Amino acid sequence: MKPSVNLLSPDNHALVLIDFEGQMAFATHNIPLSELRTNVAIVAGASKIFDVATVVTTVAEESFSGPVFPEVEEFYPIATSGYIDRTSMNTWEDENAYKAIVAKNKKKIVLAGLWTGVCIVGPALSAIEEGYEVYIITDACGDVSVEAHERSVQRMIQAGAIPITSIQYLLELQRDWAREATYGPVTSLMKKYGGSYGLGIHYAHNMLKH
């Protein structure tokens, strides 16, 4: 009856959202931008619903990369969340970002962001080397080509990172539909951003009046 220690729960990990900014998205071609934005919304929404320890970091926000995705801003407004802006491509090498992540005091770290081959590989390999368990939300990461993204994911897996998806992340945190406190917010999030799955929830709720 005891769940695996390899499963994610709301309080056993920190989520790091990296460089979800316009300039980084314009050159992303491994996934349709509309799909990427939807997946990012699911991840950000999930972390907010379950009060996950979350760090949002940007790179050269004002001078180059621009503002974060609206889907991040929706759940983590800059006015209250305090994004950490960097010049380094590897988040792990930025003193402020590093301190913010380590201060969460979580042994598991979940990463999502742009681009997979640079801004995700860097902190993933660095965190693994320091003894952290690293999870990569692969469908909430993007790169300049399918090849670039897939080789980067493969490289991280070979180093010990664990690949997951955005909906998998959300449902792993919920884990049990009897958890009423988060049932409503989770199904509402999926109705809005969950594509055909969300439409199915909408259908069921209306047909069953539940």
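Scroll up to find the structure this text is about.
Residues numbered from 1 in each chain as written. Predicted model: local features only at pLDDT ≥ 70, side-chain atom pairs only at ≥ 80, totals over all residues. Heavy atoms only, no water.

Novice: For this particular structure, what's the right way to read a nonpolar patch on the surface?
Specialist: A grouping of Tyr 203, Met 207 and Leu 208 is seen on the molecular surface, where their side chains present a nonpolar patch of about 390 Å² in accessible area. With respect to the helices and strands, the residue Tyr 203 is situated in helix H11 (residues 195-208). Look at Tyr 203 and you get exposed, because its relative accessible area is 53%. (Patch = residues over 30% accessible without salt bridge, like charges linked within 9 Å, V, L, I, M, F, W, Y side chains within 5 Å. Areas by Shrake-Rupley, 256 points an atom, 1.4 Å probe, with all protein chains shown as cover. Salt bridge = Lys/Arg side-chain N within 4 Å of Asp/Glu carboxyl O. Helix = DSSP H or I, 4+ residues; strand = E, 2+ residues; numbered from the N terminus. Buried < 20%, exposed > 50% of the residue type's maximum accessible area, 1.4 Å probe, protein only.)

Novice: Help me understand the nonpolar core, please; the structure alone is not making it clear to me.
Specialist: General note: in soluble globular proteins, nonpolar side chains tend to be found buried as a group. Counting 40 residues, the largest nonpolar core has Ile 137 and Tyr 169 as the members making the most contacts within it. The element contributing the most residues to this core is helix H2 (residues 33-49), with seven residues. Ignoring any residue separated from it by four or fewer positions in sequence, one finds Tyr 169 in contact with Leu 8, His 13, Leu 15, Val 43, Ala 46, Ser 47, Val 52, Val 110, Ile 137 and Ile 164. Grouped together as the second largest cluster of nonpolar side chains are 20 residues, Trp 92, Val 134, Ile 136 and Cys 141 included. (Core = buried A, V, L, I, M, F, W, Y, C linked by side-chain atoms within 4.5 Å. Contact = heavy atoms within 4.5 Å.)

Novice: I keep staring at the pairing of strand S1 (residues 13-18) and nothing clicks. Help me out?
Specialist: Where a strand is regular, its side chains alternate between the two sheet faces. Across the six residues that make up S1, a large majority, six, are buried. Judged by which residues are buried, S1 turns out to be covered on both faces: His 13, Leu 15 and Leu 17 on one side and Ala 14, Val 16 and Ile 18 on the other are all buried. Of the strand pairs in this sheet, S1 and strand S4 (residues 108-113) are connected by six bridges, and their pairing is parallel. Following the sheet pairing, Leu 17 is matched in S4 by Ala 112. In this sheet, strand S2 (residues 53-59) lies alongside S1 in parallel orientation, the contact comprising five bridges. Bridge assignment links Leu 17 to a residue of S2, and that residue is Val 56. (Pairing = 2+ DSSP bridges.)

Novice: Looking at this structure, I do not really get the packing of H2 against helix H9 (residues 166-174). What am I missing?
Specialist: Two measures define how a pair of helices packs: the angle their axes make with one another and the distance between the axes. With their axes 8 Å apart at the nearest point, H2 and H9 run at an angle of 20° to one another. By the angle between their axes, H2 is roughly parallel relative to H9. Judged by the sense of rotation from one axis to the other, the crossing of H2 with H9 is left-handed. Residues Asn 39, Ile 42, Val 43, Ala 46 and Ser 47 of H2 pack against Ser 166, Ile 167, Tyr 169, Leu 170 and Leu 173 of H9. Here the residues of the contact of H2 with H9 sort into seven nonpolar, three polar and no charged. (Axes fitted to C-alpha atoms, helices over the stretch in contact; angles between N-to-C directions. Parallel < 35°, antiparallel > 145°, perpendicular 65-115°, else oblique. Left-handed = near helix turned anticlockwise from the far one by under 90°. Nonpolar A, V, L, I, M, F, W, Y, C, P; charged D, E, K, R; others polar.)

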